Amino acid sequence: MSTDGLIVVDKPGGMTSHDVVARIRRLARTRRVGHGGTLDPMATGVLVIGVGRATRLLTYVIGAGKSYTATVRLGQATVTDDAEGDVIATTPAGTVTDEAVHAAFAALTGEIDQVPSAVSAIKIDGQRAYKRVREGESVELPARRVTVSRLDVLAIRRDQPDVVDVDVDVTCSSGTYIRALARDAGLALGVGGHLTALRRTAVGGFTLAEAATLDDLESRAPEVVNLPLAAAADRFFPRRDADAAEAATLSHGGPLDPVGIAGPYAVYDPAGGLLAIVSERGGRARAEIVLAPA
């Protein structure tokens, strides 16, 4: 069986995030596998997988900032805001200027109130929005505040007369829908828009440079974890080293004296093993999750 830890996977197109989790369960020979942030089937790129006790770190991974490269097609709107949905409106976009394209995307940077795509995994009264849409319902989701810290237009391509393809590079907060950016840029330009390609290039500090393909993982199964638990936490959190007495207290759920580290942070035992993720509040350092072996 694989050790506890994280795997940075380069997800292929055509698979759901759950498909990847199912494959890793088979390769790692354990049911205790989860992912740190859904990628649509069309999308490729960084998908962080947790195995064993590291699944408890995924809450923090899900909340991390993310980066993407994407292609937006202007001139066509689809029901899903991406290429997997039927085209519902076409408006010739050939006369849209490069300056207008740059301005439309510039307006989508910073803190914005974004209405998620109706075909999303957000729950409405306990049911996923995309299921309601597929059952014929009209779904309207409330806007949510997200941050697009960088949105660079890399290329504007006019390979077909009535559409304009725009390649972009985006860094944004968790919960930002790149499909919705494509939709909103198209709306602003009056021609409609949807996403035709999406590749996630980073989640927090995890990038494509260290991502393994499923073929890579298949070849080394069941040793598929490339970031053991302690190393994974060291990448993601500030570090505190505990002495033996502190380690004993923390491993049994007790609090430690604060040391002034902005949390959450990882606490390690004298041997370098990961004990817990801790935050300081009320004058004590208390565990959010205890990760020491039972």
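Residues numbered from 1 in each chain as written. Predicted model: local features only at pLDDT ≥ 70, side-chain atom pairs only at ≥ 80, totals over all residues. Heavy atoms only, no water.

## Focus: the overall build of the chain
Reasoning step 1: What the chain contains, in helices and strands, is 8 helices and 18 strands.
Reasoning step 2: Reported as C-alpha extents along the three principal axes, the dimensions of the chain are approximately 70 × 45 × 40 Å.
Reasoning step 3: Residues classed as buried in the chain amount to 47% of the 294 residues present.
Reasoning step 4: Looking at the chain alone, contacts between residues at least 24 apart form 68% of all its contacts between residues at least 6 apart. (Helix = DSSP H or I, 4+ residues; strand = E, 2+ residues; numbered from the N terminus. Buried < 20%, exposed > 50% of the residue type's maximum accessible area, 1.4 Å probe, protein only. Contact = heavy atoms within 4.5 Å.)

## Focus: the side chain of Ser 17
Reasoning step 1: You can see Ser 17 is positioned in helix H1 (residues 17-28).
Reasoning step 2: Those residues in contact with Ser 17 that lie beyond four places of it in its chain are His 35, Gly 37, Thr 38, Leu 39 and Leu 47.

## Structural notes on the packing of aromatic side chains
Reasoning step 1: Applying the stated criterion across every chain yields a total of 3 aromatic pairs.
Reasoning step 2: Ring centres of Phe 206 and Phe 236 lie 5.6 Å apart, and the angle between their planes is 15°; this geometry places the pair in the stacked category. One end of the pair, Phe 206, is in strand E13 (residues 206-207); the other, Phe 236, is in helix H7 (residues 229-236), and 30 residues separate them in sequence.
Reasoning step 3: Using a relative accessible area of 24% as the deciding quantity, one classes Phe 236 as partly exposed.
Reasoning step 4: Ring-pair connections join several aromatic residues into one group, and the members of that group are Tyr 60, Phe 206, Phe 236 and Phe 237. (Phe/Tyr/Trp six-rings, centres within 6.5 Å; stacked < 30°, edge-to-face > 60°.)

## Comments concerning the environment of Ala 155
Reasoning step 1: Counting through the fold element by element, Ala 155 comes out in strand E10 (residues 144-160).
Reasoning step 2: The exposure class of Ala 155 is partly exposed, given its relative accessible area of 26%.
Reasoning step 3: Along the backbone, Ala 155 and Asp 169 are 14 residues apart, and their C-alpha atoms lie at a distance of 10.0 Å.
Reasoning step 4: If near-sequence neighbours (up to four positions away) are discounted, Ala 155 is found in contact with Asp 165, Val 166 and Asp 167.

## Side note on unusual backbone geometry
Reasoning step 1: Put simply, Ala 221 and Pro 222 share a cis peptide bond, and its omega is 5°.
Reasoning step 2: Structurally, Pro 222 can be placed in the loop between helix H6 (214-220) and strand E14 (227-228).
Reasoning step 3: Residue Arg 29 is not a glycine yet carries a positive backbone phi of 60°.
Reasoning step 4: A relative accessible area of 57% means that Arg 29 is categorised as exposed.
Reasoning step 5: Even without being glycine, Asp 81 reaches a positive phi, approximately 70°.

## Details of H7
Each full turn of the α-helix corresponds to 3.6 residues, which orients residues three or four apart in the same direction.
Reasoning step 1: Along H7, the residues classified as buried are Leu 229, Ala 232 and Ala 233. The buried residues of H7 occupy an angular sector of 95° when projected down its axis, which confines them to one face.
Reasoning step 2: Looking at the buried positions of H7, the neighbouring elements they touch are strand E1 (5-11), E14, strand E16 (265-268) and strand E17 (274-281). (Arc of directions from axis to C-beta.)

## Brief notes about the packing of helix H3 (residues 98-106) against helix H5 (residues 178-189)
Reasoning step 1: Interaxial distance between H3 and H5 falls to 9 Å at its minimum, and their mutual angle equals 130°. Relative to H5, the element H3 lies oblique. Crossing hand, H3 versus H5: right-handed. Across the interface between the two elements, Ala 100, Val 101, Ala 104 and Phe 105 of H3 pack against Ala 185, Ala 188 and Leu 189 of H5.
Reasoning step 2: When the residues that make up the contact of H3 with H5 are grouped by side-chain class, the tally is 7 nonpolar, no polar and no charged. (Axes fitted to C-alpha atoms, helices over the stretch in contact; angles between N-to-C directions. Parallel < 35°, antiparallel > 145°, perpendicular 65-115°, else oblique. Left-handed = near helix turned anticlockwise from the far one by under 90°. Nonpolar A, V, L, I, M, F, W, Y, C, P; charged D, E, K, R; others polar.)

## A look at the sheet that holds E16
Each strand in a sheet pairs with another by means of backbone hydrogen bonds, the pair being arranged parallel or else antiparallel.
Reasoning step 1: As summarised here, the arrangement of the 4 strands in space is E15-E16-E17-E18, forming an open sheet in which the pairing is mixed. Two strands close off the open sheet at either side, each with one partner strand: strand E15 (239-241) and strand E18 (284-290). On average, adjacent strands in this sheet sit at an angle of 40° to one another, irrespective of strand direction.
Reasoning step 2: Relative to E16, E15 runs parallel, the two being bridged by 3 bridges. If you follow Arg 240 over to E16, its bridge partner there is Val 267.
Reasoning step 3: Lying over the sheet, H7 contacts E15, E16 and E17, oriented at roughly 140° with respect to E16.
Reasoning step 4: Along the sheet face, helix H8 (residues 244-251) touches E15, E16, E17 and E18 and points at about 85° away from the line of E17. (Pairing = 2+ DSSP bridges.)

## Side note on the pattern of salt bridges
Reasoning step 1: Under the counting rule described, the total for this entry stands at 20 salt bridges.
Reasoning step 2: Its salt-bridge partner being Asp 40, residue Arg 179 comes within 3.2 Å of it at the nearest N-O pair. Here the residue Arg 179 occupies a position in helix H5, and Asp 40 occupies one in the loop between strand E2 (33-35) and strand E3 (44-51), the gap between them amounting to 139 residues.
Reasoning step 3: A relative accessible area of 5% places Arg 179 in the buried class.
Reasoning step 4: Classification of Asp 40 by relative accessible area gives partly exposed; the value is 25%.
Reasoning step 5: Here Arg 240 ties to Glu 246 by a salt bridge, and the two come within 3.5 Å at their closest N and O atoms. (Salt bridge = Lys/Arg side-chain N within 4 Å of Asp/Glu carboxyl O.)

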